[in-house]
Amino acid sequence: MMARLQAKIYRAAVYAGMMFSVGVLVLIAGYILFKGMPHLTPELFAWEYNSNNVSMLPSIINTLLMTLLSMIVCVPLGIGAAIYLTEYAPRGSKLVKLIRMTAETLSGIPSIIYGLFGSMFFVVALKMKLSLLSGALTLSIMVLPTIMRTTEEALLAVPDSFREGSFGLGAGRLRTTFKVVLPSAVPGILSGVILSLGRIVGETAALIYTAGTVAKVPDSLFDSGRTLAVHMYAISTEGLHMDESYATAVVLLIMVFIINGMSQFIARRIGGNKA
């Protein structure tokens, strides 16, 4: 009787949390769409930005470039580090514990601290100036712990019987890792990548110090450029283009939904092919 009561309480708590989360999401999305949709005009998608049209198209392109650069750097490093920690490093070693503690600590550092570090190291010390490359490298360091920890947990969730069966058939550790373990952990790995993508797309503080706020498509990776989130922050703080700020928020929200949807679709396709 007591077990049934506890189960009902837990189920009610889960449903309440789910309804609250969905309600907050619907409220935020509905408010942004209500305030921003009427102000989406063709002038906001002009190729060149000026003080009259406050075009967001250069910022959209910069956001896609920044996301691509950051993912190219941090995804291989994060997945590779997780593979080493789970498949090659001795389990329970002090080095593994130290790396895990460091990654968890880095995950909790505010993004503005990463921005200050990137400004001092990449912009000043390495003389990269305010540029897309400085911003991408800073964001890579910022989301690397998230990708590494989620990948590690996904790899640890793969049963050891998979590895033992592969070893029993004569496969080596490298083939077992890439042919058996890694494909089984792809959905979990993609969840970490999705979280990282969302943080990169919505990041503002770190990029102001490293990528700058120039509202144009850069000619090279060493030129400054603002992302969509920085663009929204810049025009909203001016106080002259609040309607355009809401319109920018609509586009940013749509981009996040598209990225999440595409990632989940890829994860389902990979999971279906594996099955």
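Residues numbered from 1 in each chain as written. Predicted model: local features only at pLDDT ≥ 70, side-chain atom pairs only at ≥ 80, totals over all residues. Heavy atoms only, no water.

A few words on the nonpolar core. The biggest cluster of nonpolar side chains holds 46 residues, and the ones touching the most others in it are Met66, Met71, Val75, Ile79, Leu155 and Leu228. Broken down by secondary-structure element, the contributors of at least two residues to this core are helix H2 (57-88), helix H3 (94-107), helix H5 (132-156), helix H7 (173-184), helix H8 (186-202), helix H10 (228-238) and helix H11 (242-274). The leading source of residues in this core is H2, at 10 residues. The residues touching Leu228, leaving out its near neighbours within four places in the chain, are Met56, Ser59, Ile60, Thr63, Thr248, Val251, Leu252 and Met255. (Core = buried A, V, L, I, M, F, W, Y, C linked by side-chain atoms within 4.5 Å. Buried < 20%, exposed > 50% of the residue type's maximum accessible area, 1.4 Å probe, protein only. Helix = DSSP H or I, 4+ residues; strand = E, 2+ residues; numbered from the N terminus. Contact = heavy atoms within 4.5 Å.)

Inspection of the entire model under this criterion finds 4 aromatic pairs. For the pair Tyr31 and Tyr246, a centre-to-centre distance of 6.1 Å together with 80° between the ring planes defines the contact as edge-to-face. Taken together, the residues span a long stretch of sequence, with Tyr31 in helix H1 (residues 2-36) and Tyr246 in helix H11 at a distance of 215 residues. Accessibility expressed as a relative area gives 44% for Tyr31, which makes it partly exposed. Taking the centre distance of 6.3 Å and the plane angle of 80° together, the rings of Phe117 and Phe122 count as edge-to-face. (Phe/Tyr/Trp six-rings, centres within 6.5 Å; stacked < 30°, edge-to-face > 60°.)

Applying the stated criterion across every chain, the model contains 6 salt bridges. In this structure, the salt-bridge partner of Arg163 is Glu87, at a minimum N-O distance of 2.8 Å. Within this pair, whereas Arg163 is found in helix H6 (residues 160-168), its partner Glu87 is found in helix H2, the two being separated by 76 residues in sequence. According to the relative accessible area criterion, Arg163 is buried, its value standing at 6%. Given the relative accessible area of 7%, Glu87 is considered buried. Between Glu152 and Arg100 there is a salt bridge, and its shortest N-O distance comes to 2.3 Å. Residue Glu152 is found in helix H5, and its partner Arg100 is found in helix H3; the two are separated by 52 residues along the sequence. (Salt bridge = Lys/Arg side-chain N within 4 Å of Asp/Glu carboxyl O.)

On the surface, a cluster of nonpolar side chains totalling about 720 Å² of accessible area is made up of Tyr84, Tyr88, Leu95, Leu98, Met101, Leu174 and Phe178. Contributing elements (two or more residues each) for the nonpolar patch: H2, H3 and H7. Element by element, the count of residues in the nonpolar patch is highest for H3, at 3 residues. Within the element layout of this structure, Tyr88 appears in helix H2. (Patch = residues over 30% accessible without salt bridge, like charges linked within 9 Å, V, L, I, M, F, W, Y side chains within 5 Å. Areas by Shrake-Rupley, 256 points an atom, 1.4 Å probe, with all protein chains shown as cover.)

Contact geometry for helix H4 (residues 111-125) and H5: axes closest at 9 Å, N-to-C directions at 135°. When the interaxial angle is binned, H4 and H5 end up oblique. H4 and H5 meet at a crossing whose hand is right-handed. Contacts from Ser111, Tyr114, Gly115, Phe117, Gly118, Phe122 and Val123 in H4 reach Ser134, Leu137, Thr138, Ile141 and Met142 in H5. Residue composition of the contact of H4 with H5, grouped by class: 7 nonpolar, 5 polar and no charged. (Axes fitted to C-alpha atoms, helices over the stretch in contact; angles between N-to-C directions. Parallel < 35°, antiparallel > 145°, perpendicular 65-115°, else oblique. Left-handed = near helix turned anticlockwise from the far one by under 90°. Nonpolar A, V, L, I, M, F, W, Y, C, P; charged D, E, K, R; others polar.)

What follows deals with the packing of H2 against H8. Angle between the axes and distance between the axes are the two parameters that describe a pair of packed helices. Taken N-terminus to C-terminus, the directions of H2 and H8 make an angle of 145°; their axes are 10 Å apart at the nearest point. When you trace H2 past H8, the crossing you get is right-handed. For the pair formed by H2 and H8, the contact residues are Thr63, Thr67, Ser70, Met71, Val75 and Ile79 on the first element and Ile189, Val193, Ser196, Leu197, Ile200 and Val201 on the second. For the contact of H2 with H8, the class distribution of residues is 8 nonpolar, 4 polar and no charged.

Let us look at unusual backbone geometry. For Val54, which is not glycine, the phi dihedral falls at a positive 35°. With respect to the helices, strands and loops of the structure, Val54 is situated in the loop between H1 and H2. Phi at Lys129 is positive, roughly 60°, even though this residue is not glycine. Mapped onto the elements, Lys129 comes out in the loop between H4 and H5. Residue classification places Lys129 among the exposed residues on the basis of a relative accessible area of 53%.

Here we take up the side chain of Thr177. With respect to the helices and strands, Thr177 occurs in helix H7. A distance of 2.8 Å separates a polar side-chain atom of Thr177 from the backbone oxygen of Arg173. (Polar contact = N/O pair within 3.5 Å; in protein donor to acceptor, adjacent residues only side chain to side chain.)

For the rest of this paragraph, the subject is the environment of Arg149. Assignment of secondary structure puts Arg149 in helix H5. Counting along the chain gives 71 residues from Arg149 to Gly78, while the straight-line C-alpha distance between them is 8.1 Å. Residues in contact with Arg149, not counting those within four places in the same chain, are Arg100, Ala103 and Glu104.

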